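Residue strings, one per chain:
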Amino acid sequence: MENNVLQGLPAQVDSHCRVLVLGSMPGAVSLHEARYYAHPRNRFWPVMATLCGFDATLDYPQRMQQLQRAGVGVWDVIGQCRRSGSLDAAIVRGSEVANPLPALIAGLPALQVIACNGGAAHAAFQRWVQPALPVVAVALPVLSLPSTSPANAAWSLPRLLEAWGQLRPWLHPSESPTTRPWGG
């Protein structure tokens, strides 16, 4: 599999997105099922369902719809890479191709915060995306949150909920601005 180029999933973002959650690259189960955070032990859905107030056991399209209703969009920093297995550490260095996030961010008038799901996503964002952001978007907060991956077993669900709870101020629809707070 290391010689195969893996293609990520399409962005799940609408124009009302206030919170953009970025992973590094979908894992093998997610790519196989063409669904974000599809591994049964990944804690992304329980965390976001709790924060956004929906049932984590809903069908995938309904969960995505509930995220978008809460102002949350999902994508990944890396759009293509070579990797054996699912771990970020197994991504073949130099094979990564970043998704066109600066263009996406420029087209999101309500965006207020970017949340990186794990250190690898945050490092990839800093490496490939942040330098290419429009000047007005540089002031946008970028949070490095602990990974919801089952590989991050040191973080219990309660600890993840506490850390990811930083997103609560941006999840309430009545607080959604009509224009970018950072001037774009």
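Residues numbered from 1 in each chain as written. Predicted model: local features only at pLDDT ≥ 70, side-chain atom pairs only at ≥ 80, totals over all residues. Heavy atoms only, no water.

1. Some remarks on helix α6 (residues 157-164)
Step number 1: Of the residues making up α6, those classed as buried are L160, L161, A163 and W164. Buried residues in α6, looked at end-on, bunch into an arc of 165°, giving them a common side. Opposite its buried face, α6 presents the exposed residues P158 and E162, each directed more than 90 degrees away. (Buried < 20%, exposed > 50% of the residue type's maximum accessible area, 1.4 Å probe, protein only. Helix = DSSP H or I, 4+ residues; strand = E, 2+ residues; numbered from the N terminus. Arc of directions from axis to C-beta.)

2. Re the sheet that holds strand β7 (residues 142-145)
Step number 1: If you walk across this open sheet you meet the four strands as β3-β2-β6-β7, and the pairing is parallel. On the outer flanks of this sheet lie β3 (72-76) and β7, each paired with one strand and no other. Between one strand axis and the next, the sheet turns through 25° on average, direction left out of account.
Step number 2: In the sheet, strand β2 (residues 19-23) pairs with β3 via five bridges, with the strands oriented parallel. Paired with G23 across the two strands is D76, which belongs to β3.
Step number 3: Contacting β2, β6 (113-117) and β7, helix α5 (residues 119-129) runs over the sheet at an angle of about 150° to β7. (Pairing = 2+ DSSP bridges. Axes fitted to C-alpha atoms, helices over the stretch in contact; angles between N-to-C directions. Contact = heavy atoms within 4.5 Å.)

3. Some words on the nonpolar core
Step number 1: I105, W164 and L167 are the most contacted members of the largest nonpolar core, which has 53 residues in total.
Step number 2: Sort the elements by how many residues they give to this core and helix α2 (residues 44-52) lands first, with six residues. (Core = buried A, V, L, I, M, F, W, Y, C linked by side-chain atoms within 4.5 Å.)

4. Comments concerning the side chain of R63
Step number 1: Note on placement: R63 falls in helix α3 (residues 60-69).
Step number 2: Aside from chain neighbours lying at most four places away, what touches R63 is R35, W45, F54, D55, A56 and L58.

The values reported here are purely geometric and, on their own, carry no functional implication.
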